[in-house]
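# Survey of secondary and tertiary structure
Chain by chain, the residues:
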Amino acid sequence: MAWSIAEVARMSGVTSRTLRHYDEVGLLPPAWIGSNGHRFYEEADLLRLQQILLMRELDLGLREIQAVLDSQVDQVAVLREHHRRLLKERDRLETLAHTVGQTIAELEEEKDMDGTTKINRPENLFEGFEPHPAEAEVRERWPQEWEQTRQVIETMTAEDTEQWQREVTAQMIRIAEFMASGTPAADPAVQAELDAHYQGICRFWTPNSAAYKGLGQTYVDDPGIRANYDKIADGLAVYQRDAMVVYADARLS
């Protein structure tokens, strides 16, 4: 049995345009193409598409997905690994849901008489977040460094991860305080904080000037990362990026 590209798009929620792109890059060619030029997919192709979508949910890039699919032998083993990672992500999302629930409760309980709110422990806002030192752009442009980062993160214990998250959050708050006070990104005090930031990144990989600037740009361009920064203070992602550019030009060029 075969399904047309329109039927596959309807079943999977993947647009026909994306399916054609997957064909063009060799990721998901159709089983055959009709005389009218229409693409048709068989059951094996649907299973391959499912795996592609699973890996996209896990934030893998298309080149990484291609490598995984081309190298796999045992589909069941691969699906078991996907299942394990999805369960891990489920647990992380449960933690995030708990974090949001606690934040709501604290905001409701700690309202001042004038209607404003306060947070007693701002680091608690970010339990369950995973502040990666490199995201999509870094993963695509520096795949070796990204792999080094991933390997280090996977060796971290729950306690290590919690401590890391708290350190990252505390640093974000300190930098936000500089921004709120109007301190220029090039100020020595800000740059000292950026040196600590850079050394923290070097726990995972060692970016050169261009890579460090590229990482800073992902803080602005990646909606998830930018949202994490702007939860601390509006405009923090841009301020951090600007400070990273200054640091890279002065220390890494």
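In case you missed it, the structure is sitting above this.
Remember, it's a predicted structure, so these values are computed and weren't measured experimentally.

## Looking at the nonpolar core
Inside soluble globular proteins, nonpolar side chains tend to come together where they are buried. Of all hydrophobic cores here, the largest spans 28 residues; its most connected members are Leu 194, Tyr 212, Tyr 219, Tyr 229 and Leu 236. Those elements that provide at least two residues to this core are helix H8 (158-180), helix H9 (188-201), helix H10 (209-221), helix H11 (223-232) and helix H12 (236-252). Looking at which element gives the most residues to this core, the answer is H12, with seven residues. Not counting the four nearest positions on each side in its chain, Tyr 212 is found in contact with Leu 194, His 197, Tyr 198, Pro 207, Met 244, Tyr 247, Ala 248 and Leu 252.

## Remarks on the packing of aromatic side chains
The description of an aromatic ring pair rests on the distance of the ring centres and on the angle between the ring planes. Summed over all chains, the structure comprises five aromatic pairs. Between the aromatic rings of Tyr 212 and Tyr 247, the centroid separation amounts to 5.7 Å while the plane-to-plane angle is 65°, which identifies the pairing as edge-to-face. Residue Tyr 212 is found in helix H10, and its partner Tyr 247 is found in helix H12; the two are separated by 35 residues along the sequence. An aromatic cluster is present here, built from Tyr 198, Tyr 212 and Tyr 247 joined pairwise through their rings.

## Section: the packing of helix H3 (residues 43-57) against helix H4 (residues 62-71)
Two numbers describe how H3 lies on H4: the axes approach to 10 Å, and their chain directions differ by 135°. If you check the angle between H3 and H4, you find them oblique. Note that H3 runs across H4; the crossing there is right-handed. Counting all contacts with H3, which are made through Arg 48, Gln 51, Ile 52, Met 55 and Arg 56, the residues of H4 involved are Leu 62, Ile 65, Gln 66, Val 68, Leu 69 and Asp 70. Residue composition of the contact of H3 with H4, grouped by class: six nonpolar, two polar and three charged.

## So, the pattern of salt bridges
Tallying each qualifying case throughout the model produces seven salt bridges. Between Arg 39 and Asp 23 there is a salt bridge, and its shortest N-O distance comes to 2.8 Å. Pair noted here: Arg 39 is in strand S3 (residues 39-42) and Asp 23 is in helix H2 (residues 16-24), with a separation of 16 residues, a long-range link. Comparing Arg 39 with Asp 23 shows no difference in burial state: the two are buried. Linking Glu 167 and Arg 203 is a salt bridge whose minimum nitrogen-to-oxygen distance equals 3.6 Å.

## Observations concerning the sheet that holds strand S1 (residues 2-4)
Read across the open sheet, the three strands follow the order S1-S3-S2; overall the sheet is antiparallel. Each edge of the open sheet is held by one strand with a lone partner, namely S1 and strand S2 (32-33). Pairing of S2 with S3 involves two bridges; the strand directions are antiparallel. What sits directly across from Ile 33, in S3, is Arg 39. Packing of helix H1 (residues 5-12) onto the sheet brings it into contact with S1 and S3, and relative to S1 it is tilted by some 90°.

## Quick look at the pairing of S3
Where S1 lies against S3, three bridges are found, and the strand directions are antiparallel. The residue of S3 that forms the bridge with Ser 4 is Phe 40. Linking S2 back to S3 in an antiparallel pair, the connection comprises five residues, with Gly 37 at a positive phi of about 90°.

## Comments concerning H3
Compared with the 21 Å implied by 1.5 Å per residue over 15 residues, the 21 Å span of H3 between its first and last C-alpha is a close match. For H3, the complete set of buried residues consists of Asp 45, Leu 49, Gln 51, Ile 52, Leu 54 and Met 55.

## Observations concerning the environment of Leu 49
One can find Leu 49 in helix H3. Ignoring anything within four residues of it in the chain, the contact list for Leu 49 reads Val 8, Ser 12, Val 14, Leu 19, Tyr 22 and Leu 28.

## A few points about the environment of Ser 4
Following the sequence through the fold, Ser 4 ends up in strand S1. Relative accessible area serves as the criterion here: at 18%, Ser 4 is assigned to the buried category. Between the C-alpha atom of Ser 4 and that of Phe 40, which follows or precedes it by 36 residues, the distance is 4.5 Å. Not counting chain neighbours up to four residues away, the residues in contact with Ser 4 comprise Arg 39, Phe 40 and Tyr 41.

## A short note on the side chain of Gln 66
Counting through the fold element by element, Gln 66 comes out in helix H4. Of the residues examined, Gln 66 reaches a relative accessible area of 17% and is grouped as buried. A distance of 3.4 Å separates a polar side-chain atom of Gln 66 from the backbone nitrogen of Leu 27. Beyond its immediate stretch of four places on either side in the chain, Gln 66 contacts Val 25, Gly 26, Leu 27 and Arg 48.

What counts as what
- Residues numbered from 1 in each chain as written.
- Predicted model: local features only at pLDDT ≥ 70, side-chain atom pairs only at ≥ 80, totals over all residues.
- Heavy atoms only, no water.
- Core = buried A, V, L, I, M, F, W, Y, C linked by side-chain atoms within 4.5 Å.
- Buried < 20%, exposed > 50% of the residue type's maximum accessible area, 1.4 Å probe, protein only.
- Helix = DSSP H or I, 4+ residues; strand = E, 2+ residues; numbered from the N terminus.
- Contact = heavy atoms within 4.5 Å.
- Phe/Tyr/Trp six-rings, centres within 6.5 Å; stacked < 30°, edge-to-face > 60°.
- Axes fitted to C-alpha atoms, helices over the stretch in contact; angles between N-to-C directions.
- Parallel < 35°, antiparallel > 145°, perpendicular 65-115°, else oblique.
- Left-handed = near helix turned anticlockwise from the far one by under 90°.
- Nonpolar A, V, L, I, M, F, W, Y, C, P; charged D, E, K, R; others polar.
- Salt bridge = Lys/Arg side-chain N within 4 Å of Asp/Glu carboxyl O.
- Pairing = 2+ DSSP bridges.
- Expected span 1.5 Å × (residues − 1).
- Polar contact = N/O pair within 3.5 Å; in protein donor to acceptor, adjacent residues only side chain to side chain.

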